[in-house]
Amino acid sequence: MRSLQVEFSYESKCISNALSCSLYLGRLIRNNGSLYQRLHDNLHSQYSLEEMQVFLQHQLLIDEASLKAAVRLLRQDVLSRIMVRDINALADLNEVMETTTNLAEICLSTATEFYSELLGKKFGYPMSGELDLQSNKQELIIIGMGKLGGYELNVSSDIDLIFAYEDEGETNGPEVISNQEFFTQLVRKVISAIDEFTKDGFVFRVDTRLRPFGTEGVIVSSLNSLENYYQQYGREWERYAWIKGRVLLGKEEKLQKLLRPFVFRKYLDFGVISSLRSLKDQIRTEINRKEMHDNIKLGSGGIREIEFIAQVFQLIRGGKDPSLQLRSTLDILDILSTKNIIPSEDIDSLKSAYNFLRNLEHRLQYYEDQQTHELPKDEKHREIIAKSMNFSNWSSLETIIAAHRTNVAKQFEIIFFNQNTSKIESHTLLSLWQSGIVSNENQEILASLGYTNPSEAMRRLALFSKSSRVNRLSDSSRNRLNIIIPFIIGSSCKFNNPDETLTRAIELIDKICQRASYLAFFSEFPNALQRIVNLVSASPWLANYISQHPVLLDNLCILDDEINLDFSYQKNQLLEKLSFFSDDTEQQMNILREEQQKLLFSIACRDILNNIPSDKVSFLLSELASMILDVVLDVVWKGMKSKHTEFPKFAIIAYGKFGSRELGYYSDLDLVFLYDDDHIYAHDIYSKYGLRIISWLNTFTSSGILYEIDSQLRPDGNSGLLVNSIEGYLNYQIEKAWVWEH
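Enquirer: Talk me through the overall build of the protein chain; I want residue IDs and the actual numbers.
Expert: Within the protein chain, the regular secondary structure consists of 32 helices and nine strands. Dimensions of the protein chain along its principal axes, counting C-alpha atoms only, are 95 × 80 × 65 Å. In the protein chain, which comprises 742 residues, the proportion classed as buried is 55%. Contacts in the protein chain between residues far apart in sequence, at least 24 positions, make up 73% of those at least 6 positions apart. Roughly 33700 Å² of accessible area belongs to the protein chain as shown, and the carbon and sulfur atoms make up 50% of that amount. Once the 79 positive and 99 negative side-chain charges of the protein chain are each reduced to a mean point, those two points are 4 Å apart.

Enquirer: With reference to specific residues and values, describe the packing of helix α13 (residues 303–317) against helix α15 (residues 344–368).
Expert: Here α13 crosses α15 at 140°, and the two axes come no closer than 9 Å. Taken together, the axes of α13 and α15 are oblique relative to one another. As for how α13 packs across α15, the hand of that crossing is left-handed. Across the interface between the two elements, Ile303, Ile306 and Ile309 from α13 touch Leu350, Ala353, Tyr354, Leu357, Arg358 and Glu361 from α15. The class makeup of the residues in the contact of α13 with α15 is seven nonpolar, no polar and two charged.

Enquirer: Let's hear about the layout of surface pockets: which residues, and what values?
Expert: Taken as a whole, the second largest pocket holds about 1200 Å³ of empty space. Lining the second largest pocket are 36 residues; nearest its centre among them are Asp160, Arg209, Lys297, Leu298 and Arg304. Those elements that provide at least two residues to the lining of the second largest pocket are α7 (146–149), β2 (158–165), α10 (236–242), α12 (272–290) and α13. Counting residues per element, the lining of the second largest pocket draws most heavily on α12, at eight residues.

Enquirer: Just give me the short version of the environment of serine 667, but keep the residues and values in it.
Expert: Among the secondary structure elements, serine 667 is positioned in the loop between α30 (656–659) and β7 (669–675). Along the sequence, serine 667 and leucine 621 sit 46 residues apart, while their C-alpha atoms lie 9.5 Å from each other. Setting aside residues up to four positions removed in sequence, serine 667 forms contacts with Lys657 and Tyr707. At 2.8 Å, the side chain of serine 667 and the backbone nitrogen of glycine 664 are in polar contact.

Enquirer: Any chance you could break down unusual backbone geometry for me, citing the residues and the numbers?
Expert: In this structure, phenylalanine 213 is a non-glycine residue whose phi angle is positive, near 65°. Among the structural elements, phenylalanine 213 can be located in the loop between β3 (205–207) and β4 (220–222). A positive phi is found at arginine 661, a non-glycine position, where the angle reads about 55°. Its place among the elements puts arginine 661 in the loop between α30 and β7. Exposure remark for arginine 661: the relative accessible area of 44% places this residue in the partly exposed category.

Enquirer: So what's going on with the pattern of salt bridges? Which residues, and what values?
Expert: If you walk through the whole model with that rule in mind, you get 28 salt bridges. A salt bridge links glutamate 307 to lysine 147; the nearest nitrogen and oxygen atoms lie 2.8 Å apart. Of this pair, glutamate 307 sits in helix α13 while lysine 147 sits in helix α7, and the two are 160 residues apart along the sequence. One salt bridge in this structure joins glutamate 307 and arginine 304, with 3.0 Å as the shortest N-O distance. Taken as a pair, glutamate 307 and arginine 304 lie in helix α13 at a separation of three residues, close to a single helical turn. What makes glutamate 307 buried here is its relative accessible area of 4%. Classification of arginine 304 by relative accessible area gives buried; the value is 18%. Through salt bridges with shared partners, a single network forms among Lys147, Arg304 and Glu307.

Enquirer: Describe the packing of aromatic side chains, and please don't skip the residues or the numbers.
Expert: Under the definition given, this model contains 24 aromatic pairs. For the pair tryptophan 541 and tyrosine 545, a centre-to-centre distance of 5.0 Å together with 15° between the ring planes defines the contact as stacked. Of the two residues, tryptophan 541 and tyrosine 545 are both situated in helix α26 (residues 540–548); the distance of four residues between them amounts to about one turn of the helix. Tyrosine 545 sits in the buried class, given a relative accessible area of 10%. Each ring, one from tyrosine 686 and one from tyrosine 689, has its centre 6.5 Å from the other, and the planes form 55°; the classification is tilted. One end of the pair, tyrosine 686, and the other, tyrosine 689, are both in helix α31 (residues 682–698), three residues apart, so they sit about a helical turn from each other. Classification of tyrosine 689 by relative accessible area gives buried; the value is 0%. Three or more aromatic residues joined by ring pairs form one cluster here, namely Phe213, Tyr229, Tyr230, Tyr233, Trp242 and Phe262. Here arginine 75 stacks its cationic end above the ring of phenylalanine 202, 4.8 Å away from the centre of that ring.

Enquirer: Got a sec to walk through a nonpolar patch on the surface? Specific residues and values, please.
Expert: A cluster of nonpolar residues, Ile726, Leu730 and Ile734, forms a patch on the protein surface that exposes about 300 Å² of accessible area. In this structure, leucine 730 sits in helix α32 (residues 726–735). Judged by relative accessible area, which is 49%, leucine 730 ranks as partly exposed.

Enquirer: How would you sum up the nonpolar core? Please name residues and give values.
Expert: Among the nonpolar cores identified, the biggest contains 159 residues, and Trp242, Ile485, Ile489, Ile509 and Ile628 are the most heavily contacted of them. With 13 residues, helix α29 (residues 614–638) is the single largest residue contributor to this core. Excluding its chain neighbours within four sequence positions, the residues that come into contact with isoleucine 489 are Leu429, Leu432, Trp433, Leu446, Leu449, Tyr451, Leu461 and Leu502. Membership of the second largest hydrophobic core comes to 63 residues, among which are Ala18, Leu186, Phe204 and Tyr367.

Enquirer: Could you give an account of the side chain of threonine 372, naming the residues involved and the relevant values?
Expert: By secondary structure assignment, the location of threonine 372 is in the loop between α15 and α16 (379–388). Using a relative accessible area of 19% as the deciding quantity, one classes threonine 372 as buried. Apart from the residues lying within four places of it in its own chain, the contact partners of threonine 372 are Glu361, Leu364 and Gln365.

Enquirer: Please set out the pairing of β2 residue by residue, giving values where relevant.
Expert: When you tally the buried positions in β2, you get eight out of eight residues, the bulk of the element. Neither face of β2 is left uncovered, since the one carrying Asp158, Asp160, Ile162 and Ala164 and the one carrying Ile159, Leu161, Phe163 and Tyr165 both have all their residues buried. As paired strands, strand β1 (residues 141–144) and β2 are joined by four bridges and run antiparallel to one another. Paired with isoleucine 143 across the two strands is isoleucine 162, which belongs to β2. Note: β2 against β3, three bridges, orientation parallel. Note on β3: the bridge partner recorded for aspartate 160 is aspartate 207. The β-α-β motif built from β2, the intervening helix α8 (residues 179–195) and the parallel element β3 has right-handed crossover chirality. Note that β2 and β4 share three bridges and pair parallel. Bridging from a neighbouring strand, alanine 164 pairs with serine 221 of β4.

Analysis parameters
Numbering of residues begins from 1 in every chain and follows the order in which that chain's sequence is written. For a predicted model such as this one, the threshold for reporting local features is a pLDDT of at least 70, and the threshold for listing and counting side-chain atom pairs is 80 or more; totals across whole chains, interfaces and linings nevertheless cover every residue. Excluded from the side-chain calculations are hydrogens and water; all other atoms, namely the structure's heavy atoms, are used. Per the convention used, a helix needs a DSSP run of H or I reaching at least four residues, while a strand needs a run of E reaching at least two, with both numbered from the N terminus. Throughout, exposure labels follow a simple rule: accessible area from a 1.4 Å probe, protein chains only, divided by the maximum for the residue type, with under 20% read as buried, over 50% as exposed, and the rest as partly exposed. In this description, contact between two residues means that some pair of their heavy atoms is separated by no more than 4.5 Å. Computed with the Shrake-Rupley method and a 1.4 Å probe, the accessible areas treat only the protein chains shown as cover for residues. A positive count includes Lys and Arg, and a negative count includes Asp and Glu. His and the chain ends are not counted in either. Where a charge lies is defined by one atom per residue type: Lys uses NZ, Arg uses CZ, Asp uses CG and Glu uses CD. Between N-to-C directions, angles cover 0 to 180 degrees, with each direction set by a line fitted to C-alpha atoms, over the stretch in contact for helices. An angle below 35 degrees is treated as roughly parallel, one above 145 as roughly antiparallel, one from 65 to 115 as roughly perpendicular, and anything else as oblique. A clockwise turn of the near helix away from the far one marks a right-handed crossing, whereas an anticlockwise turn of less than a right angle marks a left-handed crossing. Polar here means any residue other than Ala, Val, Leu, Ile, Met, Phe, Trp, Tyr, Cys and Pro, which are nonpolar, and Asp, Glu, Lys and Arg, which are charged; Gly is therefore polar. Buriedness for pockets is judged along seven lines, at least five of which must meet protein on both sides within 12 Å for an open set on the 1 Å grid over protein atoms alone, while cavities are sets there where a 1.4 Å probe fits but cannot get out, and lining residues have an atom within 4 Å of a point. Grid points are joined across faces, edges and corners, and a volume is the space filled by probe spheres set on the points. By the criterion applied in these results, polar contacts are pairs of N or O atoms within 3.5 Å in which, for protein atoms, one can donate a hydrogen and the other can accept it, and in which residues neighboring in sequence qualify only through two side-chain atoms. Each reported salt bridge corresponds to a side-chain nitrogen of Lys or Arg within 4 Å of a carboxyl oxygen of Asp or Glu. The rule is short: rings of Phe, Tyr and Trp, with Trp giving its six-membered ring, pair when the centres are within 6.5 Å, and they are stacked under 30 degrees, edge-to-face over 60, tilted in between. Only when the NZ of Lys or the CZ of Arg is both within 6 Å of the ring centre and within 35 degrees of the ring normal is a charge said to sit over the ring. Residues forming no salt bridge and having over 30% relative accessible area are the ones grouped into patches, like charges within 9 Å of each other and nonpolar side chains (Val, Leu, Ile, Met, Phe, Trp, Tyr) within 5 Å. Here the nonpolar core consists of buried residues drawn from Ala, Val, Leu, Ile, Met, Phe, Trp, Tyr and Cys, with membership extended through side-chain atoms lying within 4.5 Å. Strand pairing follows a simple DSSP-based rule, namely that at least 2 bridges must link the two strands. We call a crossover right-handed when, viewed with the strands running away from us, the connection from the first strand over the helix to the second turns clockwise.

As structure tokens, this is what we get:
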């Protein structure tokens, strides 16, 4: 009996502690006699989705009133347990977010199923194509946006929803209406079931303003209408919103297929930085107007800034790196750390702040079940919040809040601050560039900067400013060019070959200026632009290589300061990236080429700027080629349909400069293919394997070529077999090979 008394006492203390931190919980327990006992009996377990289903199954859903009552009573049951467990450190942030998200989803699915049947009795079911085919029955698609889509819902949150259906058509019942009409009625009833305030309260406030055309648009759209909208009218903030978009009910595949290209661009989209900065500036203006500086979500250093930091890299890189196409903020921060996009210590700081501020957000909302993110002004309320966060007083809690917000704001400024404002050398250089005139005054300015042939330098600038490519630029791209060119003029003159540096830099910008993303990149990251000027000044070869492969510009970003040349690490990263495109050979080939170019470029930068020894350069180039071959062997074998073993019994022998690890930047690869396999069809299998390996290496794609392959050193040269058995190879070396081959 004594041990039972101790257990009961502990649970009572937990509930009592939560009651002292939440006026709302007190009201729930007073109004629901059995709630206290249920809390006591279930305090040590998370409220699972299955438990929610059982709760609803025990409710008698006979009409709309009983449905609304059931989902509201479920919310009270779930939320009370979340509060007690969270305040007493029996649950972590992930449990709170997951449980709340599950609650929203099961209430939506229950209401949708109930009203679909109710409307179906009157109108039948919405169909497409032949009405007598049951397989063509249409279903409502519900998309959770924002925190609902990311499994990050807070306990007193709006739920952002977009509603859709697959095809136009009409119902198959006694009273025929269009699919649009049916789903419009269904959606309005589902929203009412969740959002309406009754004697039992509400479940979640529903926000549908993220739908196409906002409040002016229809409440539910066909997938064709959605696709047309986002192709023609989709805006940057909608791309941001759709990062977390997740289908909660209905068919997902078609929707994701049509929206993924809108959200995740195939190229590196640096223009999104200024768009998100503008969005944040609008939020900041609103904060200042309403004096909401104590808002831990929208204020400086708040939750929204952490989300922006995570999601800006998803928008920039997500199209080229599918591993970034995640919805959870914490998961994305982990990926950014793993990929060295943001230093791990900064990620740790952001994650710590996110967890702390989200926990604080929940405790602010537990107090009165209000959708608030404002720190309290009242002294008594402050002390209650401090207690719920396990702090002895408000002052000590406030100190930690300030420290976290300061760290977040610092990281936000590093990434989003418009650094170019302090980088324009002077208004004089901007005027010189914009004039486009080879005047004596302009030549004198260039001469004073140190240009040895100022008339030719000005002529080059004038030609570029009047070129057809520049004239075709949009206003935003031209504004970015007005940042970039004065910077180049002011930077090039600081080298001992200013005229050559300026010419090479202008030629590079000329070749890439039609891509707005590259101009955005340079205008956002002036230190990357400075590195470009350094490189083109040092090497015309590098300038030309960058022009041929502009995707390399990503590697100049301030956040990619040093590419890891541990090739075993790079191999694992490359294989992971290729696995996302296992059904797209062309995409895999392009990824291989871009990764090879990135690593070769990194080696060249270290060679030219750091003066590393030539034998070290050759070794790194040879290791790079070995790593690429290793990856190609793996990927091609996995794609072989006629393979008879999990791993090929196959070897590539490197001859020449590759064999001695003395490769240069333009070296081809001298290769011989051997196998050691007694399978009856081994020669045919490995001959096909060898051909495919060569094809993967030297096929010219939109991203270029990997390596030129020379296989003439195989036994009997061009007239011999492409692939030889190890036994045949040994016999050839002993009996037929020339001395020069030995």
